[in-house]
Amino acid sequence: MAASNEKIEVLLGYLSEIHNKSLSLYDLITSQPRTDETRILLNINEVFTYYHSIRIFYYSQDELFTADVQPFFTSFEDFYFELKQVFLHDDNNTALLYNKLSSMKDSFEQLTNDFNVL
């Protein structure tokens, strides 16, 4: 069964929001001096909540399985882990964090191709 346009829009909307929030987090983390750390923690929690919600939505909609969303999920998890390393452990390897963010962007672009959406 083909996925309905509405479900595809919801899926891609949430994934886009995750990526956009991740971009904002990258900017917050890499800006020097760092902005309010409480704000950063709230944003980290918010993006993870979005991620968790969309995973539940995706896995509860069998018709969405026509496109492989797992690479996006994996790239987000890699970004999230590295984000915590940089933020919580003052790891200064922001180049690696940026690479994880770029991987997430590439995964999202592949999904828009898979669903034939611009």
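The structure presented is a predicted model; accordingly, all values stated were derived computationally and were not measured.

Definitions and limits used
All residue numbers here refer to positions counted from 1 along the written sequence of the relevant chain. Selection of residues for local features in this predicted model requires a pLDDT of at least 70, selection of side-chain atom pairs for listing and counting requires 80 or more, and totals for whole chains, interfaces and linings are taken over all residues. In computing side-chain properties, one takes all heavy atoms of the structure into account and sets aside hydrogens as well as water. Nonpolar cores were defined as sets of buried Ala, Val, Leu, Ile, Met, Phe, Trp, Tyr and Cys residues, with membership established by side-chain atoms within 4.5 Å. Note on exposure labels: buried denotes an accessible area under 20% of the residue type's maximum, exposed denotes more than 50%, and partly exposed covers the range between, all computed with a 1.4 Å probe on protein chains only. Note on conventions: DSSP H or I runs of at least 4 residues are helices, E runs of at least 2 residues are strands, and numbering of each starts at the N terminus. Note on contacts: a residue pair qualifies if any of its non-hydrogen atoms lie within 4.5 Å across the two residues. What a helix should span is 1.5 Å times the count of its residues minus one. To obtain each axis, a line is fitted to C-alpha atoms, and for helices this fit is confined to the stretch in contact; angles are then taken between N-to-C directions over 0 to 180 degrees. Here the word oblique covers every angle except those under 35 degrees (roughly parallel), over 145 (roughly antiparallel) and from 65 to 115 (roughly perpendicular). Note: crossing handedness is left-handed where the near helix turns anticlockwise from the far helix by less than a right angle, and right-handed where it turns clockwise. Each residue gets one of three labels, nonpolar for Ala, Val, Leu, Ile, Met, Phe, Trp, Tyr, Cys and Pro, charged for Asp, Glu, Lys and Arg, and polar for the others, Gly among them. The rule for a salt bridge is simple: a side-chain nitrogen of Lys or Arg has to be within 4 Å of a carboxyl oxygen of Asp or Glu.

## Thoughts on the nonpolar core
Ranked by size, the top nonpolar core spans 32 residues in total, and within it L15, I18 and F72 carry the most contacts. Counting residues per element, this core draws most heavily on helix α1 (residues 5-30), at nine residues. In this view, I18 contacts V47, Y50, Y51, I54, F72, F76 and M104; residues no more than four positions away in its chain are not counted.

## Some details on helix α4 (residues 94-114)
Between its first and last C-alpha, α4 extends 30 Å over 21 residues, near the 30 Å set by a 1.5 Å rise per residue. Where α4 is buried, its residues meet α1 and α3 (70-88). N116 sits one or two positions beyond α4 and adopts a positive phi of about 60 degrees.

## Quick notes on the packing of α1 against helix α2 (residues 37-59)
One way to put it is that α1 packs onto α2 with a least axis distance of 10 Å and a crossing angle of 160 degrees. It follows that α1 is roughly antiparallel to α2 by the angle criterion. With respect to the hand of their crossing, α1 and α2 are arranged in left-handed fashion. Of the residues in α2, those in contact with K7, V10, L11, Y14, L15, E17, I18, K21, S22, L25, L28 and I29 of α1 are R39, I40, N43, I44, E46, V47, Y50, Y51, I54, F57 and Y58. For the contact of α1 with α2, the class distribution of residues is 16 nonpolar, two polar and five charged.

## Looking at the pattern of salt bridges
When the charged atoms of two side chains lie near each other, side chains of opposite charge can form a pair. Scanning the model with the defined rule gives six salt bridges in all. A cluster of three or more residues bridged by salt bridges with shared partners is formed by E17, K21 and E46.

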